[in-house]
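As a plain string of letters, each chain reads:
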Amino acid sequence: MMEVAVIDAGGANFGSVCYALERLGARPRIVRDADGLRGMPRVLLPGVGAAAPAMALLRERGFIAVLPQLEVPLLGICLGMQLLFDGSEEGDVACLGLLPGRVRRLQGGPGLRVPHMGWNTLEPSADSPLLKGIAPGSHAYFVHGYAAPVTADCLAACRHGEHFAAVVARDAVAGAQFHPERSASVGARLLANFLRWTPA
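Residues numbered from 1 in each chain as written. Predicted model: local features only at pLDDT ≥ 70, side-chain atom pairs only at ≥ 80, totals over all residues. Heavy atoms only, no water.

(A) Layout of the sheet that holds strand E6 (residues 93-94). Pairing in this open sheet of 4 strands is mixed, and the strands run E6-E5-E7-E11 from one edge to the other. Across the chains shown, the open sheet's two edge strands, defined by having one partner strand only, are E6 and strand E11 (146-147). Two elements, strand E7 (residues 99-105) and E11, share 2 bridges in a ladder whose sense is antiparallel. Note on E11: the bridge partner recorded for Arg105 is Tyr146. (Pairing = 2+ DSSP bridges. Helix = DSSP H or I, 4+ residues; strand = E, 2+ residues; numbered from the N terminus.)

(B) Structural context of the sheet that holds strand E13 (residues 163-170). Ordered by their spatial adjacency, 8 strands build an open sheet running E2-E1-E3-E4-E14-E13-E12-E9, and the pairing between neighbours is mixed. Bordering the open sheet on either side are strand E2 (27-31) and strand E9 (123-124), each of which pairs with just one other strand. Sheet analysis places E13 next to strand E14 (residues 173-176), joined by 4 bridges and oriented antiparallel. Directly across from Ala169, in E14, lies its bridge partner Ala174.

(C) Representation of unusual backbone geometry. The step from Val114 to Pro115 runs through a cis peptide bond, and the omega angle for that step is 10°. As for its position among the elements, Pro115 is in the loop between E7 and strand E8 (116-121). The backbone phi angle of Cys78 is positive, close to 55°, even though this residue is not glycine. In this structure, Cys78 sits in strand E4 (residues 74-78).

Quick look at the structure:
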């Protein structure tokens, strides 16, 4: 049974994330300081809320110095994915800098509300083991008002008035803007793929 460190970045969705991992046969362990990452073969960074307080909490608990040095796969979820980038317009805050780009507020459009909440379509743009078994046009569940740009690290995009990155990866760092723990079989498949992922 694989252990997975689930970082406490101040979010409230730990229970559902941990339950989703347990259903896949993994053993989640909530980690509240950087020392807890030692020896862990996989790391999850879930997040809900705002970028600035989440980054302040990561700094206070010693994660900011350790996460860039990780040599094991790291998956950011929702706000956790946004924190992987250089910075965010939300609070005009510098983030972890593990992926290039700046997170910006969604603009929405006619008939489109921000935050973007609900099911939407994934548009794969690259072949990756993280997307194995997830067909083009699959649906995932989103809740967010800010989004990362579509860059060379984008594996799948989504549209809510504009295109934004829905799944990203570079080296051993990956992210999902949607909530896998709330995205039924698609979310379970992404998490299962992450548990098996061996970055090149």
